[in-house]
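# Coordinate inspection notes
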Amino acid sequence: MDKKIANMWIKALESGDYKQGRFALRDNKDCFCCLGVLCDLYNKDRKEKKKKSIKILGPEYDGNKNLTVFQYGKQKDFLPIAVRKWAGMSSNKGWVNGVNLSDLNDGRLNKPYNFKEIAKFIEEHSENL
């Protein structure tokens, strides 16, 4: 993963500026998954550079998750290709050693990680993301 973007992402997760959500990049209450924070940073970077950003659609009800969620491009759950490439990530879920950031955020493996714990994980594994 691009080190500069990893540091920007870590700082955003630790800042307290984002409220953590589960099971979607962003919901209608402005709660973000850790991957949704990266999507938001991508759009802010694009806007700052006066370049085209990802279209955000919604919010729309997602009956599978019983949530009302936003869609970044065509994605509700995982990183859009443009964000993944911008960040220099090898996958759309942030896989490292058989674990992915989406599952850590949502608590699919154990208890959910909070944003500070996810930031520490990213810091420790950014070169493999």
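Provided above is the structure to which this section pertains.
Below is a short write-up of the structure. Bear in mind that the values here come from a model prediction, so they are computed numbers and not experimental data. Residue numbers here run from 1 along each chain, matching the order of that chain's written sequence. Confidence filtering applies because this is a predicted model: local features only for residues at pLDDT of at least 70, side-chain atom pairs given and counted only at 80 or more, and all residues used for totals across whole chains, interfaces and linings. To get the side-chain values, all heavy atoms of the structure are used, and hydrogens and water are removed first.

## Side note on helix α2 (residues 34-48)
Only runs of H or I of at least four residues qualify as helices and only runs of E of at least two qualify as strands under DSSP, and these elements are numbered from the N terminus. Multiplying one less than the number of residues by 1.5 Å gives the expected span of a helix. Along its 15 residues, α2 runs 21 Å from first to last C-alpha, staying within 8% of the 21 Å computed at 1.5 Å per residue. When a residue's accessible area, from a 1.4 Å probe over protein chains only, is under 20% of the maximum for its type it is buried; when over 50% it is exposed; and in between it is partly exposed. Burial analysis of α2 places 12 of its 15 residues in the buried class, the great majority of the element. Taken as a whole, α2 has its buried residues at Cys-34, Leu-35, Gly-36, Val-37, Leu-38, Cys-39, Asp-40, Leu-41, Tyr-42, Asn-43, Asp-45 and Arg-46. Positioned one or two residues after α2, Lys-50 has a phi angle of 55°, which is positive.

## Considering the environment of Asn-28
Among the structural elements, Asn-28 can be located in the loop between β1 (19-20) and β2 (31-32). On the basis of relative accessibility, which here comes to 42%, the residue Asn-28 falls in the partly exposed class. Put simply, Asn-28 and Tyr-61 are 33 residues apart on the chain and 9.3 Å apart in space, counted from C-alpha to C-alpha. We call two residues contacting when some pair of their heavy atoms lies within 4.5 Å. With residues near it in sequence (within four places) discarded, Asn-28 still touches Pro-59, Thr-68 and Phe-70.

## Things to note about the environment of Ile-5
Along the chain, the position of Ile-5 falls in helix α1 (residues 3-15). Relative accessible area serves as the criterion here: at 7%, Ile-5 is assigned to the buried category. Once the C-alpha coordinates of Ile-5 and Lys-55 are considered, the two residues, 50 residues apart in sequence, prove to be 20 Å apart. Ignoring anything within four residues of it in the chain, the contact list for Ile-5 reads Leu-38, Trp-86 and Ala-87.

## Focus: the packing of α1 against α2
The axes are straight lines fitted to the C-alpha atoms, using for helices just the contacting stretch, and the angles between their N-to-C directions are given from 0 to 180°. Close contact between α1 and α2 brings their axes to 10 Å; oriented N to C, the two are set at 115°. α1 and α2 meet at a crossing whose hand is right-handed. Of the residues in α2, those in contact with Ile-5, Met-8, Trp-9, Ala-12 and Leu-13 of α1 are Cys-34, Leu-35, Val-37, Leu-38 and Leu-41. Gly falls in the polar group here, along with every residue not listed as nonpolar (Ala, Val, Leu, Ile, Met, Phe, Trp, Tyr, Cys, Pro) or charged (Asp, Glu, Lys, Arg). Its residues placed into classes, the contact of α1 with α2 shows 10 nonpolar, no polar and no charged. Note on convention: near helix rotated counterclockwise from far helix by under a right angle means a left-handed crossing. Clockwise means right-handed.

## Describing α1
It helps to recall that an α-helix has 3.6 residues per turn; residues three or four apart then point in one direction. Here α1 spans 18 Å end to end across 13 residues, near enough to the 18 Å set by a 1.5 Å rise per residue. Listing the buried residues of α1 in full gives Ile-5, Ala-6, Trp-9, Ile-10, Ala-12 and Leu-13. Relative to the axis of α1, the buried residues are bounded by an arc of 165° and lie together on one face. In α1, the exposed positions angled more than 90 degrees off the buried face are occupied by Lys-4 and Lys-11. Counted as a polar contact is a pair of N or O atoms within 3.5 Å, where, for protein atoms, one must be capable of donating a hydrogen and the other of accepting one, and residues adjacent in sequence contribute only when both atoms are in side chains. Capping the start of α1 is the job of one residue whose side-chain oxygen sits 3.0 Å from the backbone nitrogen of Lys-4: Asp-2. Gly-16 lies just past α1 and shows a positive phi near 85°. The arc in question is the one spanned by the directions pointing from the helix axis to the C-beta atoms.

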